[in-house]
Each structure stands twice: as C-alpha cells, then as structure tokens.
Amino acid sequence: MALKYRFSLVSLFALGIAMPAMAQQAPVPQPAEDAGPQADRRDRDVVVVTAQKREESVQDIAVAVTAISSELRDEIGLTSVQDYTNFAPGLSYSTSNDRLGLRGVTRTSNNFGIRSGISNYVDGVYFSSAIPAGREPIFVERVEVLRGPQGTLYGRDSIGGALNLISKRPSEEFEGQFNLGYGNFEASKVEARVAGPITDWLRYSLAGSRSAQNEGNLTNASGQESEGYRTDGYYLEAQLEGNVGDRFDWWAKYSRLAWDKVGAPGARTSVGDRQPYDTRLFTPGSFFINPFFAFSGVATNVNQVGNQRTNPAITDPLKFNTDYTEVAHLEPTNDFALEAVYHFDNFDVKYLGGSAYYHYTLNLDTDNSPVKSFRFNNRDFQTDRVTDYNENRGWYSNEINLISTGDGPFQWVTGAYQYQENYTQPIYASGAVPVGGPIVTLASAQQFVGALAPPAFGGLGLLLPNLLVTRPDLPDFTGRNIASGSQIGGDLFAFTNNQAVNNAYGLFVQGDYAFNDEWKVTAGVRWSKDTTDGREYARLISIYSLEAQLENALGPAAAPLLASFIPPRIDLTAALGGPDPTTVTATNPCGLAGVGIQNAKPTAANGVAGVCGGPNDRSRYGIYIDPLTGNAFRDIGASWSEVTGVLGLDWTPDADTLIYAKYNRGYKPGGIGSANTNGNLVATPYTDQELVNAYELGLKREWEPLNLTTNAVVFYYDYEGYQVSNCLLYTSPSPRD
C-alpha cells in the first residue's frame with residue numbers, strides 16, 4: 001500500500017480584546033479557593049463546545065478545535081465555508097465541488113462510492129455535505145472545526161477531522177431577529193427568526209431566509225447570461241424543545257432547503273483553461289469531434305453563438321466563451337433531527353437520530369464552446385453537447401450515548417451508532433441536435449474499417465452496410481428528467497449510473513481519569529464496520545469518429561460517398577471494463593474481474609487467449625449488456641472493518657496553561673467504483689481502507705493581562721493506503737485501438 005507521511009506546525013493567535021466570545025457565555029458558580037487550576041479556568045468566560053460529546057471550554061480540552069460563533073461571523077464577515085478557511089488553521093474547501101479538507105486530508109472524488117475524509121455534522125447528525133455549515137449566522141450558534149482524526153467519538157469519515165454545526169435552539173424568553181441586506185451583483189437577502197416559550201415546559205424556534213444574486217462575476221463573450229455565483233433560493237427551519245419533569249429533555253428540528261444556482265456547487269465558477277484553443281479535429285483521449293476545429297481555418301459554414309473565435313480568458317480572467325448557461329438545481333430538500341436525553345443520577349442516556357433526502361441536478365456545457373456546428377469535407381458536424389448530472393441521495397442515522405455526569409475523577413462516554421445511505425447518480429450526455437442513423441457495435445465498426453479502408457488500414461474490400469450489427473437507441477426527445485435526461489430534440493450519447501446502499505455501524509467507549517488537578521489521561525477505542533452493495537450502469541456512443549477519420553484519410557473526394565452510408569454512431573460500451581491487470585498471467589491470459597465485482601462468471605469458453613469471450617460475452621468480468629436498452633451493468637460490493645482508538649495525556653501546570661500529547665488511530669473505509677463519476681465499469685473498482693497513525697503535541701495558553709489566547713500544535717501523520725485516483729489517457733481516439 002502507498003504510504004504518506006506529513007509533518008507540520010500550525011499556530012493560531014486569537015486576540016480576545018478585538019473579538020467577542022466565540023460561543024455562548026454562561027456564568028459559573030464561584031469555585032472554592034482551593035479548587036485548583038481547573039476550577040479557575042472554568043470561572044472565566046468560556047467558549048463552549050461539544051467536540052467530545054459534552055459541553056466543555058475549548059481551552060480545557062486536548063483537541064485542536066476552532067469554534068466559530070454567530071457573533072464572530074457577524075463581527076468579521078464570515079459568510080461561507082470558504083471564509084472559514086481564512087480563520088481555521090489547516091482547513092481547506094473547494095466551493096465548486098463541495099470538497100472539504102483538513103491538514104491536507106480531503107475528498108478525491110464526487111462518486112458516492114468513494115468516501116470523504118472529513119465528516120460533517122449538523123446538530124450531531126451526520127450530513128453528506130459541508131454546505132449547511134455555511135448557513136447564515138441567524139440560524140447557527142457556532143461551527144466547530146475539529147482537526148485530526150476524530151474516529152473514536154465521531155467515527156464515519158472523520159480520519160482527517162470533523163465539521164460540526166450547532167443550531168440556535170429555542171429560548172426560554174421571547175426573542176426575534178430580522179435582517180435585510182443588499183449588495184453588488186444585484187444581491188439581496190431577507191432573514192427572520194423568532195423563538196420563545198409556549199408553556200413552562202415547551203419552547204419553539206421558527207426561522208427562514210430568502211436570498212438571490214441576479215448577476216454573476218463571470219462574463220460570457222458570446223453574449224449569453226453572466227455566470228458565477230448567481231443564486232436564488234430559500235431555507236426554512238422549525239424547532240421544538242421540551243422537558244418532562246427534571247429527568248427527561250427532548251428537541252426536534254425540521255428544515256427545508258431549495259435553490260437554483262448559476263455557479264457553485266457544480267456549475268461554472270471560473271473561466272477554465274486560459275490557453276489558446278486546440279483546433280485539432282480530435283484531441284487526445286476524446287472520442288468526439290473537437291468543436292474548436294471550427295476555428296482551424298479549414299472548417300467552413302461555422303455556426304456559433306456570438307463572434308468570438310479566440311479564448312477571451314487569455315487576456316481577461318473573468319471572461320469565457322460558450323453557448324450554454326450552466327445551472328445547478330436543488331429540489332426542495334427535507335431533513336429531520338431528534339434528540340432525547342434522560343438524566344440519571346450520575347449519567348445521561350442520550351438518543352440522537354436524523355434523516356435527509358435530496359435531489360440535485362446539474363446542467364453542464366459538455367463541449368464548453370460557442371460552436372453549434374461546422375462543415376468539413378463536404379459534411380456537416382453537430383458539436384453542441386450538454387450533460388445532465390443527477391444526485392438522488394437519502395440517509396438516516398441513529399445513535400445512543402451514555403455520558404457520565406458525576407463529579408469524580410473518572411469521566412466516560414460510550415455509545416452505539418448506525419447509519420444507512422441510499423443513492424443513485426445518473427448522468428446523461430446528449431447532443432443538442434439529433435444525429436440519427438443506426439448505432440453499430442464496436443466489433444462490426446472495426447471490421448467495417450478494415451474492409452473499407454485503403455491498404456494502410458487493411459484493404460480487405462468493401463463490406464455491405466447491412467452487415468453492420470446494431471444496438472438499441474438510447475431514449476430521445478423526452479426532455480430533461482430522471483427517466484432519460486436527454487435534452488428535447490437531442491440525441492443521448494452517454495449514460496452512467498451508480499446506485500448503492502451503504503451501511504455503517506460503530507461501538508465506542510472513551511474515558512478520562514484525572515490523577516489530580518494537573519494530570520489527566522484519556523483513552524478510547526472504537527469498532528467500525530462499513531458495507532456497500534450496488535450496481536453500475538454505463539453506455540458510451542461515439543459520434544462521427546469513424547466517418548470523420550475515414551473522410552480525413554481518404555480526402556474530400558470520398559466524403560459524399562462515405563457520408564451516404566457510414567454510420568455516424570458507434571457503440572463503445574463493449575470496450576468498457578476488462579481484467580484486473582494483476583490477474584493476467586501466462587497461464588491465465590484473459591485474467592479475472594477485479595476485487596469488489598460480485599457477478600463475474602469465468603469459464604473455459606470466455607478464457608480463451610486472444611478472445612476472452614469477445615465483445616458479446618463480458619461475463620468473465622462481471623459485465624452484462626441489457627438487450628433492450630443496450631446498457632452494460634455489473635454488481636459491486638465490499639465491506640471493511642477496523643478497530644481504532646485514542647490515547648492522550650494532559651498537563652495543566654497552572655490555571656492558564658494546558659499542554660497535551662495524543663495518539664490517534666484513524667480509519668476511512670475503502671471505496672468501490674470509479675473516481676470519475678461518469679467513468680463506470682473500470683477494471684479495478686475496489687479501493688482498500690485508509691489508515692493513519694496520528695501523533696500530536698499541543699499547547700493552549702491564555703495570557704490574561706494581554707487578553708490574548710494562544711493555541712499551537714505540532715503533529716505527525718503516518719498514512720497507509722491514502723486513496724487517490726489514477727487516470728489512463730489514450731493517445732488515439734481510433735476505434736481500432
């Protein structure tokens with residue numbers, strides 16, 4: 001396995017004189033004079049966090065954590081997760097694809113079969129995205145950024161750290177807030193929140209926002225709409241909180257979110273490549289006509305939007321040139337959370353559960369050009385292509401915690417966790433104008449090329465077109481929807497879908513023992529198990545590639561003849577997948593399916609060298625083609641489990657200082673599928689689990705006379721199995737390769 005080592009030093013200085021407290025401040029009873037340094041620290045204004053499943057001061061816990069309160073966000077203008085990266089050391093965030101990172105550990109794929117390395121929690125409930133952490137301060141009490149492996153208490157996906165959002169809860173007295181804002185780029189927002197008591201045992205909170213930005217920061221040289229961070233959406237939230245006597249407390253929340261965005265996440269946020277256009281007919285690795293060939297000086301009858309023929313981004317970093325506006329759309333999304341706590345004399349029993357579902361669609365300009373079509377060798381080529389990307393994702397989780405509440409030197413927390421996720425990721429790519437004609441198989445197209453071409457291609461003579469074997473057409477003319485995704489009047493040329501059910505389970509226990517007022521030891525252990533079972537689908541059709549290459553090779557004189565019977569569409573689906581390269585040997589020349597492929601059927605017939613079942617039998621590699629749809633599919637699945645833990649020692653020499661040393665064992669489950677969301681049926685879909693041994697030495701110091709707080713940490717990561725994507729690029733798009 002690949003090993004990754006990292007050594008880094010990070011320090012954070014926060015000036016308390018210039019900033020408000022980072023979270024709620026609560027008066028604490030005055031300690032006795034001999035209560036020791038820990039009591040002295042509790043006597044001050046504290047930043048309350050729940051990083052260790054209980055409320056504690058951020059300066060009293062041996063965790064590298066940054067707490068960002070709503071007051072702080074308003075004070076210094078933190079309006080997004082991207083803004084947090086300027087405040088929380090080690091935090092990174094990619095706005096365009098919603099990828100969060102801590103200390104260099106980040107997500108490397110948006111395929112749901114590949115897990116994130118940073119866990120996101122909303123009020124303690126796991127959430128698949130970091131986007132909620134950017135909610136407006138009117139809804140949020142604080143955001144906690146926990147650096148380093150948090151696997152013992154947080155478990156799932158927390159090998160690099162965790163982001164925990166804490167909502168503002170219902171209040172015991174009536175309170176309200178109303179915000180109205182307007183900014184440049186025609187941005188506006190309205191927000192409101194009210195909270196208070198209903199009875200002496202029941203409280204509520206109602207809040208909502210509406211925001212819009214009508215102008216983008218990127219200009220389209222073709223004259224189309226501006227793009228980049230345009231948005232139009234709303235968020236609604238309702239909470240109830242109550243108690244039954246002195247022993248039982250409960251809290252429930254429902255929220256609803258929807259938006260359209262011409263920008264992040266997913267749509268255009270930058271102008272892209274700032275190099276001159278590549279005007280070759282084909283570009284390396286592509287099976288499709290290059291639309292920028294229209295600007296080569298060879299093509300004629302160029303049909304484009306606007307009149308820009310050079311890349312405007314070369315001279316203007318905020319200008320691009322396409323014929324299509326990219327839009328991300330989130331259907332109204334509902335999520336629920338429930339918390340219930342029963343207080344025994346010396347410990348609490350806490351239940352926390354939640355669920356969410358969303359449907360996200362993204363309409364992309366696949367050809368990324370202003371060109372609609374052009375003429376070459378007396379043949380018109382349609383190059384306008386669009387992609388409809390979909391995410392349908394739902395999950396629910398349940399967690400039981402037992403948390404000590406006594407005053408003794410030993411404090412502990414233990415619990416059990418369950419999580420299930422269901423998802424599909426259908427992606428449809430289509431031409432804006434229908435090409436028509438049959439879809440022929442790759443094998444018959446290869447035979448056709450060899451027979452039709454001059455001696456350099458084989459020179460076997462002319463085969464009649466009716467010898468070509470065809471495949472079913474993909475559904476057309478049905479509009480953009482979950483069933484087909486094709487643009488009205490277009491031709492689908494590619495389809496992929498990942499669908500799976502993921503399950504995760506965990507058991508954990510962690511305890512702290514204080515030997516005296518200065519020394520404390522922490523130890524914890526967690527067992528985690530993750531499983532995934534799913535199915536991949538794929539269909540890939542090359543448009544014009546055979547015709548264009550033959551016309552280019554034979555010259556313009558042959559173009560009219562070739563255009564009359566050369567099929568414009570070739571089904572490349574049979575070329576997908578194949579053997580795991582590590583299984584190909586002299587005695588097994590056809591190899592075997594990769595790890596994680598569940599329905600492979602190797603036989604003597606499909607193991608013959610040089611044939612390996614051929615394009616009509618891919619069962620050796622677990623791939624089957626549906627004769628009705630032409631889609632290839634295979635079943636995939638895997639499971640992983642690991643025992644992780646934490647061991648730490650704290651030293652509090654005085655009331656202002658905490659020095660700690662800690663060891664963490666972190667775990668992230670392996671992945672299944674392609675790192676590329678539209679690259680299904682790869683030969684080796686399985687990725688092993690990711691592990692890290694993390695060593696940390698930290699200092700937390702308060703300089704009371706200066707109103708200065710200093711937090712510093714040095715850490716070392718010993719990584720095993722770090723998950724990164726590999727990509728193979730073909731140097732020629734020829735269907736014979």
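Residues numbered from 1 in each chain as written. Predicted model: local features only at pLDDT ≥ 70, side-chain atom pairs only at ≥ 80, totals over all residues. Heavy atoms only, no water.

Engineer: Can you walk me through the overall build of the chain in this structure?
Structural biologist: A tally of regular secondary structure across the chain gives six helices and 38 strands. The buried share among the 737 residues of the chain stands at 53%. Pairs at least 24 apart in sequence give 71% of the contacts found in the chain among residues at least 6 apart. Carbon and sulfur atoms form 57% of the exposed surface of the chain, whose accessible area is close to 31200 Å². (Helix = DSSP H or I, 4+ residues; strand = E, 2+ residues; numbered from the N terminus. Buried < 20%, exposed > 50% of the residue type's maximum accessible area, 1.4 Å probe, protein only. Contact = heavy atoms within 4.5 Å. Areas by Shrake-Rupley, 256 points an atom, 1.4 Å probe, with all protein chains shown as cover.)

Engineer: Would you mind showing me how to read the pattern of salt bridges here?
Structural biologist: Close approach of charged atoms allows side chains of opposite charge to pair. Evaluated as defined, the whole model comprises 28 salt bridges. Asp278 is the partner of Arg280 in a salt bridge, and the nearest nitrogen-oxygen pair spans 2.6 Å. Ionic pairing is found between Lys372 and Asp323, a salt bridge with its closest N-O pair at 3.4 Å. Taken together, the residues span a long stretch of sequence, with Lys372 in strand 22 (residues 371-376) and Asp323 in the loop between strand 19 (319-320) and strand 20 (327-343) at a distance of 49 residues. One salt-bridge network, held together by shared partners, links Arg169, Arg203, Glu241, Glu339 and Lys350. (Salt bridge = Lys/Arg side-chain N within 4 Å of Asp/Glu carboxyl O.)

Engineer: Can you help me understand the sheet that holds strand 18 (residues 300-304) in this one?
Structural biologist: Within a sheet, neighbouring strands are paired by backbone hydrogen bonds and run either parallel or antiparallel to one another. Strand order in this open sheet of three strands is 18-22-23, and the pairing throughout is antiparallel. Each edge of the sheet is formed by a strand with only one pairing partner; in this case those strands are strand 18 and strand 23 (379-382). If you compare each strand with its neighbour and ignore which way they point, the axes differ by 15° on average. Looking at chain direction, strand 22 and strand 23 are connected through four bridges and run antiparallel. Within strand 23, the residue paired with Phe374 across the bridge is Phe381. (Pairing = 2+ DSSP bridges. Axes fitted to C-alpha atoms, helices over the stretch in contact; angles between N-to-C directions.)

Engineer: Even after reading the chapter, I still don't get the state of the cysteines, so can you show me in this structure?
Structural biologist: Structurally, a disulfide amounts to a covalent bond that connects the sulfur atoms of two cysteines. All told, the structure shown has one disulfide when counted by the stated rule. Disulfide partner of Cys590: Cys612, at an S-S distance of 2.1 Å. As the torsion about the S-S bond is roughly -85°, the Cys590-Cys612 disulfide counts as left-handed. Within this pair, whereas Cys590 is found in the loop between strand 31 (569-571) and strand 32 (624-625), its partner Cys612 is found in the loop between strand 31 and strand 32, the two being separated by 22 residues in sequence. The class of Cys590 is buried, set by a relative accessible area of 1%. A residue is classified by how much of its surface remains accessible, and Cys612, at 16% relative accessible area, is buried. (Disulfide = S-S within 2.5 Å.)

Engineer: Is there a simple way to explain the packing of aromatic side chains in this structure?
Structural biologist: Between two aromatic rings, the relevant description is the distance of the centres plus the angle of the planes. Inspection of the entire model under this criterion finds 30 aromatic pairs. Measuring from centroid to centroid gives 5.1 Å for Phe127 and Trp395, while their planes differ by 90°, and the two rings are edge-to-face. Of this pair, Phe127 sits in strand 9 (residues 125-127) while Trp395 sits in strand 24 (residues 385-404), and the two are 268 residues apart along the sequence. Taken individually, Phe127 and Trp395 each receive the classification buried, so the pair is uniform in this respect. (Phe/Tyr/Trp six-rings, centres within 6.5 Å; stacked < 30°, edge-to-face > 60°.)

Engineer: Is there a simple way to explain the pairing of strand 33 (residues 632-654) in this structure?
Structural biologist: The side chains of a regular strand alternate between the sheet's two faces. Across 20 bridges, strand 30 (residues 519-543) lies against strand 33 in antiparallel orientation. Bridge pairing in strand 33 places Asp530 opposite Trp640. Bridge count for strand 32 against strand 33 is two bridges, and the pairing is antiparallel. Each residue of the ladder has a partner; that of Ile625, found in strand 33, is Ala632. Alignment of strand 33 against strand 34 (residues 657-668), held across seven bridges, turns out to be antiparallel. Each bridged residue has a counterpart across the sheet, and for Leu647 the counterpart in strand 34 is Tyr663.

Engineer: Quick question: what am I supposed to make of the confidence of the model for the chain here?
Structural biologist: Close inspection of predicted coordinates is inappropriate for parts of the model with low pLDDT. Across the chain, the average pLDDT comes to 82, with 81% of residues at 70 or higher. In this model, residues 453-467 is a region of pLDDT below 50 whose contacts with residues beyond four sequence positions or in other chains number 20 contacts. Counting contacts from residues 476-485, a segment whose pLDDT is below 50, to residues more than four positions away or on other chains yields 30 contacts. (pLDDT = per-residue confidence, 0-100.)

Engineer: How should I be thinking about unusual backbone geometry in this particular structure?
Structural biologist: Trans peptide bonds make up the majority, and among non-glycine residues the majority have a negative phi. Between Ala264 and Pro265 the backbone carries a cis peptide bond, its omega angle lying at 0°. Tracing the backbone through its elements, the reader meets Pro265 in the loop between strand 17 (248-262) and strand 18. Here the phi dihedral of Asn707 falls at roughly 55°; this positive angle occurs in a residue that is not glycine. Relative to the helices and strands, Asn707 resides in the loop between strand 37 (690-703) and strand 38 (708-720). Using a relative accessible area of 42% as the deciding quantity, one classes Asn707 as partly exposed.

Engineer: I keep staring at the nonpolar core and nothing clicks. Help me out?
Structural biologist: Looking at soluble globular proteins, one finds that nonpolar side chains tend to be buried together. Of all hydrophobic cores here, the largest spans 55 residues; its most connected members are Ile68, Tyr84, Leu91, Leu100, Val145, Leu163 and Tyr360. Ranked by size, the runner-up nonpolar core spans 21 residues in total, among them Leu281, Phe374, Phe381 and Phe493. (Core = buried A, V, L, I, M, F, W, Y, C linked by side-chain atoms within 4.5 Å.)

Engineer: I tried to follow the environment of Gly578 on my own but got confused; where do I start?
Structural biologist: With respect to the helices and strands, the residue Gly578 is situated in the loop between strand 31 and strand 32. Between the C-alpha atoms of Gly578 and Val682, which are 104 residues apart in sequence, the distance is 7.5 Å. Apart from residues lying up to four places away in sequence, Gly578 is in contact with Arg618, Tyr621, Ile623 and Ala683.

Engineer: Got a minute to help me understand a nonpolar patch on the surface in this structure?
Structural biologist: A cluster of nonpolar side chains, contributed by Phe410, Tyr513, Phe515, Trp519, Leu649 and Trp651, occupies part of the molecular surface with about 590 Å² of accessible area. Along the polypeptide, Leu649 turns up in strand 33. (Patch = residues over 30% accessible without salt bridge, like charges linked within 9 Å, V, L, I, M, F, W, Y side chains within 5 Å.)

Engineer: What am I meant to see in the sheet that holds strand 4 (residues 65-69) here?
Structural biologist: Read from one edge of the open sheet, five strands run 4-10-11-8-9, paired in mixed fashion. Every other strand in the sheet has two partners, leaving strand 4 and strand 9 as the edge strands with one partner each. Strand after strand, the sheet turns through a mean of 25° between neighbouring axes, direction not considered. Here five bridges tie strand 4 to strand 10 (residues 140-147), and the two strands are oriented antiparallel to one another. Pairing of Ile68 across the sheet is with Val143, part of strand 10.

Engineer: Help me out: how do you make sense of the environment of Val692 in this one?
Structural biologist: Within the fold, Val692 resides in strand 37. Distance in space between the C-alpha atoms of Val692 and Tyr719 is 4.5 Å, their sequence separation being 27 residues. Non-local contacts of Val692, meaning those with residues more than four positions away in its chain, are made with Pro149, Ile159, Asn664, Arg665, Gly666, Tyr717, Asp718 and Tyr719.

Engineer: Explanation requested: the pairing of strand 37 in the structure shown.
Structural biologist: Across twelve bridges, strand 34 lies against strand 37 in antiparallel orientation. When the sheet's bridge partners are listed, Thr657 is paired in strand 37 with Arg701. Sheet topology note: the strand 37/strand 38 ladder contains 13 bridges and is antiparallel. From the neighbouring strand, Lys700 faces strand 38, where its bridge partner is Asn711. Counting the residues that bridge the hairpin from strand 37 to strand 38 gives four residues, and of these Asn707 lies at a positive phi of roughly 55°.

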